[in-house]
Amino acid sequence: MQLNPYGEYAVLLAASLANDWPEDRAGIDARTREFGMTMAFPEAPGDHTETRRVIDQWLAVVDAQDPDERARLLNVLMKRATAYPRLVDHDNEGWHLHYRDEDQTMPHVLRAVISVGTALHLTTRGMHRLGRCAASLTPGDPCANVVVDVTRNGRQRYCSVRCANRDAVRRHRARAV
């Protein structure tokens, strides 16, 4: 996977996995391909469960309200990854940077890619540009999706137009009462 300077694709992959968890390892593998990861992962027992653990650890970063706590949690994830960045040239993609050593398991690679990508995203775009859908702030709202703000103005608060509209209708009705 090639990380752009903002870490956008890695963070969007993590959000996609968090918001719609695949039912098996093949689903995770397919999702990584959708987000541009072309190298195969060697299969290992527990890949599905361990990758879920990586996503749950990443969600603690998402849910951290304080930038210092968010950075601390993200540093812990990056420390656990212990993959050295290296230049690779595979699949006719040209030379690019990977955060994975050869033959590492899926969870290990995803921990490295997602944590480094998140760090790049937050440090270049802003520590506030990752969180939960603003609709979830209303008690009883069913949405708890992750929002990765990749907008130019840095004001994306909802995971979808549907959630934004539902919240707007709710606010309108509250004013009308």
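For the structure itself, consult the block above.
Quantities reported herein were computed from a predicted structural model and do not represent experimental measurements. (Residues numbered from 1 in each chain as written. Predicted model: local features only at pLDDT ≥ 70, side-chain atom pairs only at ≥ 80, totals over all residues. Heavy atoms only, no water.)

Participant: Outline the overall build of the chain, supporting the account with residue identities and numerical values.
Facilitator: Of the regular secondary structure elements, the chain holds six helices and four strands. For the chain, the N- to C-terminal ordering of α and β elements is α-α-α-α-β-β-α-β-β-α. Computed over its C-alpha atoms, the radius of gyration of the chain comes to 17 Å, within 12% of the 16 Å expected for a compact globule of 177 residues. Taken along its principal axes, the extent of the C-alpha atoms in the chain is 60 × 35 × 30 Å. Expressed as a percentage of its 177 residues, the buried residues of the chain come to 43%. (Helix = DSSP H or I, 4+ residues; strand = E, 2+ residues; numbered from the N terminus. Rg over C-alpha atoms; globule rule 2.2 N^0.38 Å. Buried < 20%, exposed > 50% of the residue type's maximum accessible area, 1.4 Å probe, protein only.)

Participant: Give me the lowdown on the pattern of salt bridges, citing residues and values where you can.
Facilitator: Counting across every chain of the model gives 13 salt bridges. A salt bridge links Asp167 to Arg171; its shortest N-O distance comes to 3.1 Å. Of this pair, Asp167 and Arg171 both sit in helix H6 (residues 161-176), four residues apart, which is roughly one turn of that helix. The partly exposed category is assigned to Arg171, whose relative accessible area is 41%. Look at the salt bridges and you will find they share partners, linking Asp141, Arg166, Asp167, Arg170 and Arg171 into a network. (Salt bridge = Lys/Arg side-chain N within 4 Å of Asp/Glu carboxyl O.)

Participant: Give me the lowdown on the packing of aromatic side chains, citing residues and values where you can.
Facilitator: The tally for this structure, following the rule as stated, stands at zero aromatic pairs. The ring of Trp21 carries Arg52 above its face, with NZ or CZ at 4.9 Å from the centroid. (Phe/Tyr/Trp six-rings, centres within 6.5 Å; stacked < 30°, edge-to-face > 60°. Lys NZ or Arg CZ within 6 Å of the ring centre and 35° of its normal.)

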